[in-house]
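# Structure assessment
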Amino acid sequence: MTGRVEGKVAFITGAARGQGRSHAVRLAEEGADIIAVDVCKQLDGVPIPMSTPEDLEETVSLVEKAGGKIYAAQADVRDMAAMQAIVDDGVARFGRLDIICANAGLASSGDRLDALDEKGWRDMIDVNLTGVWATTRVSVPHMREAGNGGSIILTSSVGGLRALPSVGHYVSAKHGMIGIMRTLAMELGEESIRVNAICPTQVSTPMLLNESTFKMFRPDLENPTKEDFAPLSQMMHVLPTPWVDAIDISNAVLFLASEESRFITGVSLPVDAGAMLK
């Protein structure tokens, strides 16, 4: 089956690398054009290397190779004026908006809530929760105005469905995202706009596979590696894998963006290798 989102336009945040890039390429392979946004700079206090302008350029190249058109721009999801200008420009270029993927987010620093500094808390909530609301706020009016319905997909986490230690600010933001999803689903349903959340487990992207994560999970080692981290990550899952890949999340995004899921809304969909069974 091909062309599952043929002729549609998708707005994707955090599109320079990782899951966002994968979503952009996968949707382009199935016929969509892409409006792509990423901050493309290192934010103060973020413990892992963030995306670069070169990463976003690579996403543009991959989407075009997949047969899609793409308009890509740099913006922080907390900057509503910049986000509004980008989505307005993208819709002017492509003529419509059918799919919104609110994917941009920060990784966790691994601190307990009773030891977390205020900036760490505020940055996480501002990006991972308020940034998701801002993404929908600037883009949903275009979807409503067109009157074609649509699909909104928020990237939450298994941490949006259960408690996890030492990542309380991340868990709080991802739980809050489920509230945004459910409310939007109720508010927009009469206009045939569906709203769902993807809840991934560990995903093999730079946000997970980095020195900071390895040290958080293996504080007993001076210089832990991916191989040292893998057995502990595997323990989270029922299926025999330490993590899933970005394409596994993208395939779920594609399903929720397509007409195959036309009567699915208000759902928190785990793509978790069985993590929620534990």
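With an unreviewed UniProt entry as reference, the protein chain is termed Mycofactocin-coupled SDR family oxidoreductase, source organism Rhodococcus artemisiae. For the protein chain, the Sequence similarities (unreviewed entry) comment in UniProt is given as "Belongs to the short-chain dehydrogenases/reductases (SDR) family."

### Re the overall build of the protein chain
Across its full length, the protein chain carries 8 helices and 7 strands. On C-alpha atoms alone, the protein chain measures out to a radius of gyration of 18 Å, which is about the 19 Å that the 2.2 N^0.38 rule sets for 278 residues. Its C-alpha atoms give the protein chain principal-axis dimensions of roughly 55 × 35 × 35 Å. Buried residues in the protein chain amount to 53% of all 278 residues. Here the analysis covers contacts within the protein chain between residues at least 6 apart in sequence; of these, 72% occur between residues at least 24 apart. Accessible surface for the protein chain amounts to roughly 12,400 Å². Of this, 52% is attributable to carbon and sulfur atoms. Across the protein chain, 25 positive and 36 negative side-chain charges occur, with their mean positions spaced 4 Å apart.

### Here we look at the pairing of strand β3 (residues 70–74)
One ladder, built from 5 bridges, connects strand β2 (residues 33–38) with β3; its direction is parallel. Within β3, the position partnered with A36 by the bridge is A72.

### Some details on the environment of V271
Structurally, the position occupied by V271 is in strand β7 (residues 268–271). On the basis of relative accessibility, which here comes to 16%, the residue V271 falls in the buried class. Distance from V271 to A185, taken between C-alpha atoms, is 20 Å for residues 86 residues apart in sequence. Not counting residues within four places of it along the chain, the set of residues in contact with V271 comprises I198, C199, P200, T201, V244, D248, I249 and A252.

### Considerations on the packing of helix α1 (residues 18–29) against helix α2 (residues 53–65)
At a minimum axis separation of 9 Å, α1 and α2 run at an interaxial angle of 15°. Compared by their axis directions, α1 and α2 come out roughly parallel. Considering how the two elements wind past one another, α1 and α2 form a crossing that is right-handed. On α2, the residues that touch R21, A24, V25 and A28 of α1 are D55, E58, T59, L62 and V63. Of the residues belonging to the contact of α1 with α2, the class tally is 5 nonpolar, 1 polar and 3 charged.

### Concerning the pattern of salt bridges
Taken as a whole and judged by the stated rule, the model has 15 salt bridges. A salt bridge links R144 to E191; its shortest N-O distance comes to 3.0 Å. On the criterion of sequence distance, the pair formed by R144 in helix α4 (residues 118–146) and E191 in the loop between α5 (168–188) and β6 (193–200) is long-range, its members being 47 residues apart. Relative accessible area serves as the criterion here: at 29%, E191 is assigned to the partly exposed category. One salt-bridge network, in which partners are shared between bridges, spans D44, D76, R78, K119 and D123.

### Some remarks on unusual backbone geometry
Phi is positive for C40, close to 55°, though the residue is something other than glycine. Inspection of the secondary structure puts C40 in the loop between β2 and α2. Judged by its relative accessible area of 5%, C40 falls in the buried class.

Parameters at a glance
- Residues numbered from 1 in each chain as written.
- Predicted model: local features only at pLDDT ≥ 70, side-chain atom pairs only at ≥ 80, totals over all residues.
- Heavy atoms only, no water.
- UniProt positions renumbered as here; feature names shortened; annotations may be inferred.
- Helix = DSSP H or I, 4+ residues; strand = E, 2+ residues; numbered from the N terminus.
- Rg over C-alpha atoms; globule rule 2.2 N^0.38 Å.
- Buried < 20%, exposed > 50% of the residue type's maximum accessible area, 1.4 Å probe, protein only.
- Contact = heavy atoms within 4.5 Å.
- Areas by Shrake-Rupley, 256 points an atom, 1.4 Å probe, with all protein chains shown as cover.
- Lys, Arg positive; Asp, Glu negative; His and termini not counted.
- Charge placed at Lys NZ, Arg CZ, Asp CG, Glu CD.
- Pairing = 2+ DSSP bridges.
- Axes fitted to C-alpha atoms, helices over the stretch in contact; angles between N-to-C directions.
- Parallel < 35°, antiparallel > 145°, perpendicular 65-115°, else oblique.
- Left-handed = near helix turned anticlockwise from the far one by under 90°.
- Nonpolar A, V, L, I, M, F, W, Y, C, P; charged D, E, K, R; others polar.
- Salt bridge = Lys/Arg side-chain N within 4 Å of Asp/Glu carboxyl O.

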